[in-house]
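Chains, contacts and geometry: an overview
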Amino acid sequence: MFKNMRLGALCLACILFILIVAPRTAQTASNPFNPAPGSPIITGTGATFVATGDLNGDGRPDVVVVNTGANKISVLLGTGGGSFLAPVNYTVGNSPSDVAIGDVNGDGRPDLVVTNSGGDSLSVLLNVGGGAFSVPSTIPMTAGLGPEGVAIADLNGDGLGDIVISNDNSNSVTVFLSTGLGSFVPGGTFTTGGSPSGVVVADFNGDGKPDLATSNNDGTASILLGTGSGGFLPHTDINLNPSSTSSCGDPDALVAVDLNGDSKPDIAVACTGGTVSILLSNGNGTFATPVSYSTISGTAGSGPEAIAAANFDGVNGIDLVIADSSNSAVFLLNNGNGTFSTSLACQPAGNGAFGVAAADFNGDGKPDIAVSNAIDGTVSILLNAGTISTGAGTCTSSGPPPPPPPANFTVVVTPASVSTTAGTLVTYTVTVTPGVGFSEAVALTCSSAAPASGCSLNPKTVTPRGSAVTSTLSVATNFTSAGGAIFGKAEPSQIPLSHPNKALYAMFSLAGAGAFGLVFSAKRNQNKRRRLLGVVITILMLSAILLALQGCGSGGIKQRTPPGTYAVTATGTAGSGTTAQTASGTANLVVH
């Protein structure tokens with residue numbers, strides 16, 4: 001008897017788990033990167049590049065954003081947990097391009113250096129403590145034009161942070177050596193490949209002297225070995241397009257980091273043609289033949305603009321992330337030997353993702369990312385949930401998606417208002433008018449806010465080729481999902497609740513009832529009292545389950561449309577994904 005009761009309780013527990021826990025578990029998706037509280041943060045027009053560092057000495061990473069369109073930079077001090085204080089803006093030169101963080105005057109506090117491509121100058125902001133900065137001083141670029149990339153490092157061994165700039169318009173890099181007083185002396189200009197975009201500093205030949213690497217828009221990377229006194233030997237160029245299967249169209253940003261665990265700095269170049277090019281170091285200033293990896297994942301990854309490196313998945317060494325103009329952050333996870341898995345696109349960033357930097361913003365030991373969004377004028381702080389992996393596929397954000405581009409067409413519903421009695425069919429005209437040059441197909445959908453109503457469109461797709469086109473929108477009231485219309489006075493209590501998993505619940509419930517029947521029928525050779533008790537318990541369980549299903553929703557067709565004024569909306573969509581254009585029109589439905 002008691003054994004049977006224990007078996008029955010176990011079966012009941014299993015049924016409850018299936019009905020309650022399992023569906024919820026199946027519906028819960030893990031987002032590898034999620035917006036921090038308050039993200040995205042408005043910084044300024046044209047938020048293009050972003051850098052991170054501890055600017056106020058509190059042990060928390062802070063963020064600096066370059067607002068190219070506003071001629072300003074924004075400083076955001078981290079408060080822990082992934083949150084930041086309100087941005088503090090500093091005016092710099094014309095069309096700032098990039099920013100570097102480092103101590104250039106030897107006081108132990110990180111300063112800021114900004115390249116201003118529109119004014120051929122540098123802005124130097126000295127840290128005065130607490131994460132605040134002095135009024136920028138300006139250094140004119142007399143020996144180089146179009147300053148773009150910037151790095152800070154001790155290039156001559158005096159313990160002070162020097163500056164190196166890549167000059168996009170003069171095929172060179174320019175060095176400024178620090179005096180330790182916040183001022184600089186020219187250290188020389190050195191030729192590179194054509195139109196250098198980014199520049200990094202690392203010891204590529206193992207001699208203890210800092211070397212330089214640039215990513216050049218002519219499809220090469222330049223390596224300049226350092227002399228140790230602030231000078232550099234003539235550049236050696238590496239072709240980033242060695243074969244049809246390994247290419248790098250329009251090299252942009254780059255990072256220098258050990259990607260294969262041999263303690264030698266390798267190079268990863270973000271190529272705006274949709275790849276990342278990997279150059280593994282030989283340790284003597286030369287590199288293996290570049291290997292490229294596609295950054296394209298679905299509709300994302302076709303326009304890499306910036307790159308950062310960190311161990312995002314916690315295994316197999318340093319991974320890569322790019323900011324992509326499709327509003328995405330695209331990750332390439334390291335296999336542990338400097339090769340990379342299929343790219344994973346995340347789309348929690350803002351509109352026009354352009355810059356990216358990595359740091360642990362919430363102190364949980366996992367690297368997070370900051371993405372600057374040029375179109376939105378914001379920076380997105382995306383916290384690492386620790387779940388990204390090669391099996392994660394395309395990841396999405398729990399936050400709102402970026403806004404769609406403005407539609408080049410309009411949707412109007414006429415007449416503006418229609419009066420009717422419940423149970424009748426009414427029609428509207430939906431007019432789609434194209435903008436200049438628009439000739440795409442527009443898919444139409446409709447919705448009605450009236451209870452117990454339905455709508456349809458004929459045709460459902462229209463193509464405006466230089467002139468307006470129309471579709472007929474029909475709305476039925478006293479309408480049920482089964483396709484019927486019923487008449488009479490509406491009663492709010494008659495509107496049934498829906499239960500999307502009713503069929504699944506019924507299947508598991510009946511299976512559970514059958515399980516109970518089997519448990520007790522197996523004891524048929526026992527005394528009559530036990531058999532009777534088994535039958536009673538089985539009947540009670542079946543009754544309880546059927547009552548539960550009834551409570552989940554009757555599913556009947558008792559819906560009626562009550563009097564009132566309701567919105568009827570037609571929506572047109574052209575294209576798909578992040579480039580989809582959407583426009584809507586609305587009219588009123590007055591039910592008497």
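Keep in mind it's a predicted model, so treat the numbers as computed, not measured.

1. Describing the nonpolar core
With 24 residues, the main nonpolar core has Phe409, Tyr428, Val442, Leu473 and Leu589 as its most contacted residues. Mapped onto this core, the elements with two or more residues apiece are strand S34 (409-414), strand S36 (425-434), strand S37 (442-448), strand S40 (469-476), strand S41 (564-574) and strand S42 (581-591). Not counting chain neighbours up to four residues away, the residues in contact with Tyr428 comprise Val413, Thr414, Pro415, Val418, Ser471, Thr472, Leu473, Val475, Val568, Ala587, Asn588 and Leu589. Counting residues in each nonpolar core, the second largest holds 19 residues, with Ala310, Phe331, Ile369 and Val371 among its members.

2. Quick look at the pattern of salt bridges
All told, the structure shown has four salt bridges when counted by the stated rule. Linking Arg60 and Asp58 is a salt bridge whose minimum nitrogen-to-oxygen distance equals 3.4 Å. Arg60 sits in the partly exposed class, given a relative accessible area of 36%. With a closest N to O distance of 3.1 Å, Lys366 and Asp364 form a salt bridge. Residue Asp364 is classed as partly exposed on the basis of its relative accessible area, which comes to 33%.

3. Details of the state of the cysteines
Tallied over the entire structure, the rule returns two disulfides. Between the sulfur atoms of Cys248 and its disulfide mate Cys271 the distance is 1.9 Å. Judged by the sign of its S-S torsion, about -100°, the cystine formed by Cys248 and Cys271 is left-handed. One end of the pair, Cys248, is in the loop between strand S22 (236-239) and strand S23 (251-257); the other, Cys271, is in strand S24 (residues 266-271), and 23 residues separate them in sequence. For Cys248, a relative accessible area of 1% gives the class buried.

4. Details of the pairing of strand S17 (residues 172-178)
With seven of seven residues buried, S17 lies mostly within the body of the structure. Here S17 shows no split at all, with Ser172, Thr174, Phe176 and Ser178 on one side and Val173, Val175 and Leu177 on the other all buried. Taken together, the five bridges between strand S16 (residues 162-167) and S17 define a ladder with antiparallel strand orientation. Paired with Asn167 across the strands is Ser172, a residue of S17. Between S16 and S17, which pair antiparallel one after the other, the connecting turn spans four residues, and Asn171 there sits at a positive phi close to 55°.

5. Focus: unusual backbone geometry
In this chain, Thr414 is followed by Pro415 through a cis amide linkage whose omega measures -5°. If you trace the backbone, Pro415 turns up in the loop between S34 and strand S35 (417-420). Its identity is not glycine, yet Asn71 carries a phi of approximately 55°, on the positive side. Residue classification places Asn71 among the partly exposed residues on the basis of a relative accessible area of 24%. Although it is not a glycine, Asn316 sits at a positive phi angle of roughly 65°. Relative to the helices and strands, Asn316 resides in the loop between strand S27 (304-310) and strand S28 (319-324).

Criteria and thresholds
Residues numbered from 1 in each chain as written. Predicted model: local features only at pLDDT ≥ 70, side-chain atom pairs only at ≥ 80, totals over all residues. Heavy atoms only, no water. Core = buried A, V, L, I, M, F, W, Y, C linked by side-chain atoms within 4.5 Å. Buried < 20%, exposed > 50% of the residue type's maximum accessible area, 1.4 Å probe, protein only. Helix = DSSP H or I, 4+ residues; strand = E, 2+ residues; numbered from the N terminus. Contact = heavy atoms within 4.5 Å. Salt bridge = Lys/Arg side-chain N within 4 Å of Asp/Glu carboxyl O. Disulfide = S-S within 2.5 Å. Pairing = 2+ DSSP bridges.

None of this, on its own, says anything about what the molecule does.
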